[in-house]
Amino acid sequence: MDVILIAAITADGYIARHSSEVVDWSLDLHLFRRQTMGYPVIMGSQTKKTLAMDLDGRETIVVHRHNDPEEILGNLCTDKCFIIGGGRTYTRFASYLTHLYLTIHPLVFGGGVTLFPDLDEELDLIFMQMISVEGRKGLYQFQYKINRPN
Ligand SMILES: NC(=O)c1ccc[n+]([C@@H]2O[C@H](COP(=O)([O-])OP(=O)(O)OC[C@H]3O[C@@H](n4cnc5c(N)ncnc54)[C@H](OP(=O)(O)O)[C@@H]3O)[C@@H](O)[C@H]2O)c1
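Residues numbered from 1 in each chain as written. Predicted model: local features only at pLDDT ≥ 70, side-chain atom pairs only at ≥ 80, totals over all residues.

## What to know about the overall build of the protein
In plain terms, the rule: Put simply, DSSP marks the helices as runs of H or I at least four residues long and the strands as runs of E at least two long, and each gets a number from the N terminus on. C-alpha atoms define the radius of gyration, and 2.2 Å times the number of residues to the power 0.38 defines the globule rule. The burial criterion counts other C-beta atoms lying within 10 Å of a residue's C-beta, which is placed from the backbone; the residue is buried at 20 or more, exposed at 12 or fewer, and partly exposed between these limits. For every residue pair, C-beta atoms are placed from the backbone, and the pair is scored as a contact if these atoms sit within 7 Å.
The number of helices and strands found in the protein is 4 helices and 9 strands. Reading the protein from its N end, one meets helices and strands in the order β-β-α-β-α-β-α-β-α-β-β-β-β. Computed over the C-alpha atoms, the radius of gyration of the protein is 14 Å, within 12% of the 15 Å expected from 2.2 N^0.38 for a compact globule of 150 residues. Taken along the three principal axes of its C-alpha coordinates, the protein extends 40 × 35 × 30 Å. Residues classed as buried in the protein amount to 28% of the 150 residues present. Of the contacts formed within the protein by residues at least 6 apart in sequence, a portion of 72% connects residues at least 24 apart.

## With respect to helix α1 (residues 29-36)
Cut-off, in case you're wondering: Along the arc lie the directions from the helix axis toward the C-beta atoms.
When α1 is considered as a whole, its buried residues turn out to be Leu 31, Phe 32 and Thr 36. Projected onto a plane normal to the axis of α1, the buried residues spread over an arc of 115° and lie on a single side. Counted as exposed and oriented over 90 degrees from the buried face of α1: His 30 and Arg 34. For α1, the secondary structure elements touched by its buried residues are β1 (2-10), β3 (41-44), β5 (80-83) and β9 (140-147). Phi turns positive one or two residues past the end of α1, at Gly 38, with a value near 90°.

## Comments concerning the site of the ligand
In plain terms, the rule: Near, for a residue, is defined by distance from a backbone-placed C-beta atom to a molecule or strand, with 6 Å as the limit that must not be exceeded.
Among the 25 residues in the neighbourhood of the ligand, the closest are listed as Ser 19, Gly 44, Gln 46, Gly 85 and Gly 86. Mapped onto the shell around the ligand, the elements with two or more residues apiece are β1, β2 (14-16), β3, α2 (45-50) and α4 (87-93). The dominant element in the shell around the ligand, judged by the number of residues it contributes, is α2, at 4 residues.

## Some remarks on the sheet that holds β9
Spelled out, the test is: Should DSSP find at least two bridges between two strands, the strands are regarded as paired. Lines fitted to C-alpha atoms define the axes, with helix axes restricted to the stretch in contact, and inter-axis angles between N-to-C directions lie between 0 and 180 degrees.
Taken in spatial order, the 7 strands line up as β4-β3-β5-β1-β6-β9-β8 in an open sheet, and their pairing is mixed. Here the strands that pair on one side only, and so sit at the sheet edges, are β4 (60-63) and β8 (124-132). Shown here is a sheet whose adjacent strand axes are inclined to one another by a mean of 25°, direction ignored. Of the pairings in the sheet, the one linking β8 to β9 comprises 8 bridges and is antiparallel in character. Each bridged residue has a counterpart across the sheet, and for Met 130 the counterpart in β9 is Phe 142. Along the sheet, α1 makes contact with β1, β3, β5 and β9, crossing β1 at roughly 175°.

## Points about the pairing of β4
Worth spelling out the cut-off: Handedness of a crossover: with both strands directed away from the viewer, a clockwise path from the first strand across the helix to the second marks it as right-handed.
Examined bridge by bridge, β3 and β4 share 4 bridges and lie parallel to one another. Across the sheet, the residue bridging to Met 43 is Val 62, located in β4. Taken together, β3, α2 and β4 constitute a β-α-β crossover, and its handedness is right-handed.

## A look at the nonpolar core
Short version of the rule: Only buried Ala, Val, Leu, Ile, Met, Phe, Trp, Tyr and Cys residues enter a nonpolar core, and they are joined through C-beta atoms within 7 Å.
Within the largest apolar cluster, 27 residues are counted, with the highest numbers of intra-cluster contacts made by Leu 5, Ile 6, Ile 15, Ile 42, Phe 82 and Ile 83. Contributions of two or more residues to this core are made by β1, β2, α1, β3, β5, α4 and β6 (99-105). Looking at this core, the element that brings in the most residues is β1, giving 7 residues. Filtering out sequence-adjacent residues up to four positions away, Ile 42 remains in contact with Ile 61, Val 63, Ile 72, Cys 81, Phe 82, Ile 83 and Ile 84.

Functional significance is not addressed by these values, which are geometric in nature.
See below:
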């Protein structure tokens, strides 16, 4: 199963100014919707609180600290699922990720929630492709596969 991290990030690697921020600066929501539609999406409880509405057409799994990522993923019957944030949740699922889809936004926050707070491993990425975000000049989603030693 593909386990895909998908995120909007700033040029300095942040996904939010603080953990309660409503991410209203993301410019690729239509791409996010199209790519995740029909697939399970996994998010942390803090991210859930920041969402104004449910994500229609997608099984939504909200993760709490007592949940086991391996068990959550093991219960899915799908060829693909998306880890949609936030930072703590990206970190908790890091060792199960197969791909990263990152849209780099023309912003620098200088501080905030990083993509992987407190990550205790390195991830080696293989570039796959770069997709231009429709209607947004200069905005691209970079897609990487995670290279894991067998
Ligand atoms: N730019 C993007 O693409 C993007 C995407 C998604 C989210 N975001 C933003 O990211 C921010 C939220 O990120 P986040 O990292 O703060 O939260 P998060 O990953 O959404 O949720 C926090 C997770 O950490 C757990 N947790 C909280 N305190 C803990 C502790 N002391 N020990 C162990 N686990 C703990 C929570 O479990 P409990 O429920 O048990 O507390 C929950 O599972 C929001 O501003 C959101 O808008 C941005």
